[in-house]
Amino acid sequence: MGLEDLYQQIILDHYRKPRHRGELAAPSVEVDHNNPVCGDQLHLEVRLEDGRIAEVGHTGDGCSISQASASMMSEAAVGLPVDDAMELIEHFRLMMHREAEPDEDRLGDAIALEGVAKYPVRVKCALLSWMALKDALQTHTATTER
Amino acid sequence: MAAELDPRALRADFPILEREVNGVPLVYLDSAATSQKPRAVLDAMERYYTETNANVHRGVYALAAEATDRYEAGRFSVARLVGADRRGTVFTKNASEAINLVAWAWGIRNLTAGDAIVVTEMEHHSNIVPWQLVAQITGARVLFTPVDGDGRLDLEWLEVTLRTEPVRMVGVVHVSNVLGTINPVAEIARMAHTYGAKVLVDASQSVPHMPVRFADTGADFMAFTGHKMLGPTGIGVLVADPATLDAMEPFLGGGEMISDVRVEGSTWADLPYKFEAGTPPIAEAVGLGAAADYLMDIGMDAVRAHERSLTAYALGVLSEIDGITIHGPKDPDVRGCPISFSLPDLHPHDIAQLVDRQGVCVRAGHHCAKPLMRTLGVGATARASTYLYNTEQDIDTLARALAEARAFMAA
């Protein structure tokens with residue numbers, strides 16, 4: 001067991017070449033989240049269409065884990081109906097707290113972040129973008145229902 | 001002048017430095033967060049609990065008198081270290097509480113709407129947030145002295161602000177926990193006093209590392225914490241002139257701090273007890289006294305000489321790393337031990353995680369100085385900070401670990 005668990009090649013690949021990085025032309029909702037412990041910052045934009053996540057864009061800066069996680073989260077989330085996305089976020093959260101067996105079919109590359117669970121201070125880095133997505137979806141639901 | 005300090009000999013006094021982490025020897029470079037503790041401090045605290053434990057300032061029996069003696073001896077040592085009056089040396093929980101004491105006991109009663117409190121962009125949150133809280137209540141404003149590109153305070157701005165604004169308090173850190181900058185506190189105090197403002201110096205990063213005489217700082221108040229100066233956690237110190245403290249009302253109320261309590265009102269105990277409500281951190285005071293004695297035995301001039309030389313060495317070694325940005329002054333004469341740095345290809349969090357493999361402890365984050373992080377234009381930095389037990393070899397290990405971290409992430 002070593003740092004290779006934490007810094008798997010697939011994670012470093014997402015860190016170096018983040019997917020869905022950038023801003024959207026017409027976001028339905030945007031949120032800003034930061035990790036007060038380490039100063040990581042994330043700006044997340046989501047475009048919803050017919051109850052599905054059509055597009056995700058993320059900007060900001062942070063460590064390799066938070067950046068890779070945002071990239072992986074975006075890949076996993078695009079195309080999902082909002083309800084499924086909320087379930088996936090909860091599944092990811094449970095995985096990071098070692099309370100669920102990871103489901104690779106749903107998580108995609110994000111399953112590689114399972115090793116982060118062994119490093120408690122880094123769990124927040126991995127969760128940052130997922131919690132931002134949850135906030136974005138809830139914010140959007142709340143504003144459209146009103 | 002004290003004899004030169006030999007860190008290799010001193011290391012034997014620090015049991016924790018013998019341990020390994022991740023199968024390699026510990027290289028502790030986070031003393032700005034908290035220092036390690038020498039055997040003398042640990043033994044003094046254990047002796048207190050095994051031989052002398054009783055509550056202080058109450059019992060008439062011999063054991064209680066001994067406990068009180070030990071507690072007050074701790075105060076005496078701390079006061080001697082910084083040249084303070086025993087009556088003006090108040091034990092608090094930490095430096096934050098010492099600053100809060102001034103903000104609440106002095107600030108609430110002396111600040112009114114429109115008054116200005118000046119702090120600096122390089123303050124630790126502990127010398128910002130208490131003033132913001134008090135400003136909310138009093139209607140005073142908190143202004144921030146800017147920091148220039150070399151990590152120095154803009155004293156011209158301060159002069160203009162003192163001249164043009166109703167500044168009542170200037171809060172300034174003696175040594176920045178991020179930049180390492182040693183601020184000219186005596187000059188700042190002279191300026192502030194010219195315009196009738198009080199001065200609070202946060203000496204948390206200076207008292208452990210260099211000779212600091214309270215009178216020489218020119219400050220009205222000086223706050224520092226025990227655990228960064230070889231002492232235990234749970235105890236900090238506020239130093240002030242007794243006359244200044246006499247003119248203030250108490251901060252926290254309770255036991256210990258009263259002279260008389262009647263249903264129609266109470267009167268306060270003499271200094272310093274007026275500001276020490278409740279049973280104090282007795283064993284911690286004993287431990288902190290032992291830490292102050294340990295430092296005085298070595299001599300603060302010797303501690304500073306060692307750390308100045310080690311900082312010069314570290315600045316030299318680190319500046320050779322390709323692409324590195326070292327924040328703060330480059331001249332070791334005007335800086336203390338904390339060295340914050342950034343690498344273009346490695347986030348501070350990843351740096352701290354990767355060098356940990358070599359047993360190297362460095363801090364990553366905003367170091368409780370978010371306004372400064374914004375000034376520097378970074379979200380976080382990595383920080384290595386040394387103390388009297390660190391050696392040039394520790395710096396070499398850090399440099400090697402950084403090179404390996406780079407290679408690992410690039411692979």
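Thresholds, definitions, all that
- Residues numbered from 1 in each chain as written.
- Chains lettered and ligands numbered in written order.
- Predicted model: local features only at pLDDT ≥ 70, side-chain atom pairs only at ≥ 80, totals over all residues.
- Helix = DSSP H or I, 4+ residues; strand = E, 2+ residues; numbered from the N terminus.
- Rg over C-alpha atoms; globule rule 2.2 N^0.38 Å.
- Contact = placed C-beta atoms within 7 Å.
- Nonpolar A, V, L, I, M, F, W, Y, C, P; charged D, E, K, R; others polar.
- Axes fitted to C-alpha atoms, helices over the stretch in contact; angles between N-to-C directions.
- Parallel < 35°, antiparallel > 145°, perpendicular 65-115°, else oblique.
- Left-handed = near helix turned anticlockwise from the far one by under 90°.
- Pairing = 2+ DSSP bridges.
- Buried ≥ 20, exposed ≤ 12 C-beta atoms within 10 Å, placed from the backbone.
- Core = buried A, V, L, I, M, F, W, Y, C linked by C-beta atoms within 7 Å.
- Expected span 1.5 Å × (residues − 1).
- pLDDT = per-residue confidence, 0-100.

A. Examining the overall build of chain A more closely. For chain A, the count of helices and strands is 6 helices and 3 strands. Seen in sequence order, chain A has helices and strands lined up from the N terminus as α-α-β-β-β-α-α-α-α. Against the compact-globule benchmark of 15 Å for 146 residues, chain A has a radius of gyration of 14 Å, which places it among compact chains. When its C-alpha atoms are laid out on the principal axes, chain A stretches across 50 × 30 × 25 Å.

B. Representation of the interface of chain A and chain B. If you look at the interface, chain A gives 12 residues, while chain B gives 12 residues. Grouping the amino acids of the side of chain A that touches chain B by side-chain chemistry returns 6 nonpolar, 4 polar and 2 charged.

C. Layout of the packing of helix 4 (residues 95-110) of chain B against helix 5 (residues 129-138) of chain B. Residue and element names in this part refer to chain B. Where helix 4 meets helix 5, the axes come as close as 9 Å, and the angle between the chain directions of the two elements is 20°. Accordingly, the angle class assigned to the pair helix 4 and helix 5 is roughly parallel. Viewed along their axes, helix 4 and helix 5 form a crossing whose handedness is right-handed. In contact with Ile-99, Asn-100, Ala-103, Trp-104, Gly-107 and Ile-108 of helix 4, helix 5 contributes Pro-130, Trp-131, Leu-133, Val-134, Ile-137 and Thr-138.

D. Structural view of the sheet that holds strand 17 (residues 381-384) of chain B. Residue and element names in this part refer to chain B. One open sheet accounts for 4 strands, arranged 13-14-17-16; its pairing is antiparallel. Two strands bound the open sheet, and with one partner strand each, they are strand 13 (325-326) and strand 16 (363-365). Inspection of the sheet shows strand 13 paired to strand 14 (residues 339-342) by 2 bridges, in the antiparallel sense. Bridging across to strand 14, Ile-326 finds its partner in Phe-341.

E. Spatial organisation of the pairing of strand 11 (residues 258-262) of chain B. All names here are of chain B. With 0 of its 5 residues buried, strand 11 lies for the most part at the surface. Here strand 11 runs beside strand 12 (residues 265-268); their pairing, made up of 4 bridges, is antiparallel. Among the inter-strand pairings, Val-261 is bridged to a residue of strand 12, identified as Ser-266. Hairpin connection from strand 11 to strand 12: 2 residues lie between these consecutive antiparallel strands.

F. Broad picture of the nonpolar core. Counting 162 residues, the largest nonpolar core has Leu-133 of chain A together with Ala-223, Leu-238, Ile-351 and Val-355 of chain B as its most contacted members. In terms of residue count, helix 10 (residues 282-298) of chain B provides more of this core than any other element does, 10 residues in total.

G. Seen up close, helix 3 (residues 64-77) of chain A. Residue and element names in this part refer to chain A. The first and last C-alpha atoms of helix 3 sit 20 Å apart over 14 residues, in line with the 20 Å expected at 1.5 Å per residue. Extensive coverage of helix 3 is indicated by the burial of 13 of its 14 residues. Where helix 3 ends, the next residue or the one after it, Gly-79, has phi of about 100°, a positive value.

H. Representation of the sheet that holds strand 4 (residues 89-92) of chain B. All names here are of chain B. Here we have 7 strands laid out as an open sheet, ordered 4-10-9-8-7-5-6, and mixed in their pairing. Since the sheet does not close on itself, it has two edges, and those belong to strand 4 and strand 6 (141-145), each with one partner. On average, each strand axis in the sheet is tilted by 20° relative to the strand beside it, whichever way the strands run. Summarising the sheet, strand 7 (residues 167-173) and strand 8 (residues 198-202) pair through 5 bridges and their orientation is parallel. Across the sheet, the residue bridging to Val-170 is Val-199, located in strand 8.

I. Spatial organisation of the confidence of the model for chain B. In this model, chain B carries a mean pLDDT of 96, and residues with pLDDT of at least 70 account for 100%. This complex was scored by the predictor with a pTM of 0.93 and an ipTM of 0.86.

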